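Given next are the chains, with one letter for each unit.
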Amino acid sequence: NLAREALDHGLQEVHLQAWGGDDESLARCGAALAAIAPGRVLVKLPLTRAGTTAARRLIDADVPVTLTACYAVHQVLLGAALGAAYVAPYLGRICDRGRDGHAELIAMQQALAGIGSSTRLLVASLRQPDDLARLAVGGLNCFTLSASLAAALFNVDATQEAAAQFERDAGCGADASPSGGQDSAS
């Protein structure tokens, strides 16, 4: 299965979404997912009454849980009280609701720090490279990235221009200095 293949390629953990609607079904599905690789598969559950009831059962059975669809600071505190390994707020979707998602996620991080919780925020729905930087400055350090966002992290015009200049300088000729005539401190 895909989760096992990902773990075999060196991933330390994989987060898999449970389904089922009610707490019994979510807990049963979550236990089956966790059995794929105990301790390395984290079961994702929604921050609903059914999801948190299922989370309580799984956490009591030593299954690590990620609570998803977090939109408010008080939900992070609920996840911490349950002992969730992660709570996943959706930055982009919070912003889509006309709220300051960056400030709210930083407040979530501060709330966890304020109570001394080991629960971590796993920030989802980042859309711009600057989202990552703004949140990291605010103390957040765990993110999910789309392939397009990961690629965009390398698309800085000044860096691309400098790299192209390095290549042009390197091709200046055999008697050119190793720095290609550029200031060696650059």
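Treat the numbers as computed from the prediction; the structure is a model and nothing was measured.

## Comments concerning the overall build of the chain
Moving on, step 1. Helices and strands together make up the secondary structure of the chain, namely nine helices and five strands.
Moving on, step 2. Element order for the chain, N to C, with α for helix and β for strand: α-β-α-β-α-β-α-β-α-α-β-α-α-α.
Moving on, step 3. Taking the principal axes of its C-alpha atoms as reference, the chain extends roughly 75 × 40 × 30 Å.
Moving on, step 4. Across the 186 residues that make up the chain, the buried fraction comes to 37%.
Moving on, step 5. Contacts in the chain between residues far apart in sequence, at least 24 positions, make up 50% of those at least 6 positions apart.
Moving on, step 6. For the chain, the accessible area works out to roughly 10400 Å², and carbon and sulfur atoms hold 54% of it.

## Thoughts on the environment of Val65
Moving on, step 1. Its location among the elements puts Val65 in strand E3 (residues 65-70).
Moving on, step 2. When the C-alpha positions of Val65 and Gly83 are compared, they lie 8.4 Å apart, and in sequence the two are 18 residues distant.
Moving on, step 3. In contact with Val65, other than residues within four places in its own chain, are Val43, Leu45, Ala55, Leu58, Ile59, Ala84, Ala85 and Tyr86.

## Overview of the pattern of salt bridges
Moving on, step 1. Tallying each qualifying case throughout the model produces six salt bridges.
Moving on, step 2. In this structure, the salt-bridge partner of Arg57 is Asp23, at a minimum N-O distance of 3.4 Å. Linking Arg57 in helix H3 (residues 49-60) with Asp23 in helix H2 (residues 23-34), this pair joins segments that are 34 residues apart in sequence.
Moving on, step 3. For Arg57, a relative accessible area of 35% gives the class partly exposed.
Moving on, step 4. Since its relative accessible area comes to 22%, Asp23 is described here as partly exposed.
Moving on, step 5. The closest approach of N and O atoms between Arg127 and Asp96, which form a salt bridge, is 2.8 Å. You can see Arg127 sitting in the loop between strand E5 (120-121) and helix H7 (129-137) and its partner Asp96 sitting in helix H5 (residues 91-96), a full 31 residues away along the chain.
Moving on, step 6. Of the residues examined, Arg127 reaches a relative accessible area of 43% and is grouped as partly exposed.
Moving on, step 7. Connected through shared salt-bridge partners, Asp23, Glu24 and Arg57 make up one network.

## Side note on the side chain of Ser25
Moving on, step 1. Tracing the backbone through its elements, the reader meets Ser25 in helix H2.
Moving on, step 2. Discounting residues that sit within four places of it in the chain, Ser25 has contacts with Trp19 and Gly20.

## Points about the sheet that holds strand E2 (residues 41-46)
Moving on, step 1. As summarised here, the arrangement of the five strands in space is E1-E2-E3-E4-E5, forming an open sheet in which the pairing is parallel. Two strands in the sheet have a free side with no partner beyond their single neighbour: strand E1 (14-17) and E5.
Moving on, step 2. Where E1 and E2 come together, four bridges link them in parallel fashion. Bridging from a neighbouring strand, His15 pairs with Leu42 of E2.
Moving on, step 3. Together, E1 and E2 form the strand contacts of H2, whose direction differs from that of E2 by roughly 160 degrees.
Moving on, step 4. On the sheet, helix H4 (residues 73-82) packs against E3, strand E4 (86-89) and E5 and is oriented at approximately 165 degrees with respect to E3.

## Describing the pairing of E4
Moving on, step 1. By the alternation rule, side chains of E4 split into Tyr86 and Ala88 and Val87 and Pro89, which are all buried.
Moving on, step 2. Where E3 meets E4, three bridges bridge the pair, whose relative direction is parallel. The residue of E4 that forms the bridge with Leu67 is Val87.
Moving on, step 3. On the question of chirality, the crossover connecting E3 to the parallel E4 by way of H4 is right-handed.
Moving on, step 4. Pairing of E4 with E5 involves two bridges; the strand directions are parallel. Note that in E5 the partner of Val87 across the bridge is Leu121.

What counts, and where the lines are drawn
Residues numbered from 1 in each chain as written. Predicted model: local features only at pLDDT ≥ 70, side-chain atom pairs only at ≥ 80, totals over all residues. Heavy atoms only, no water. Helix = DSSP H or I, 4+ residues; strand = E, 2+ residues; numbered from the N terminus. Buried < 20%, exposed > 50% of the residue type's maximum accessible area, 1.4 Å probe, protein only. Contact = heavy atoms within 4.5 Å. Areas by Shrake-Rupley, 256 points an atom, 1.4 Å probe, with all protein chains shown as cover. Salt bridge = Lys/Arg side-chain N within 4 Å of Asp/Glu carboxyl O. Pairing = 2+ DSSP bridges. Axes fitted to C-alpha atoms, helices over the stretch in contact; angles between N-to-C directions. Right-handed = clockwise from strand over helix to strand, strands pointing away.

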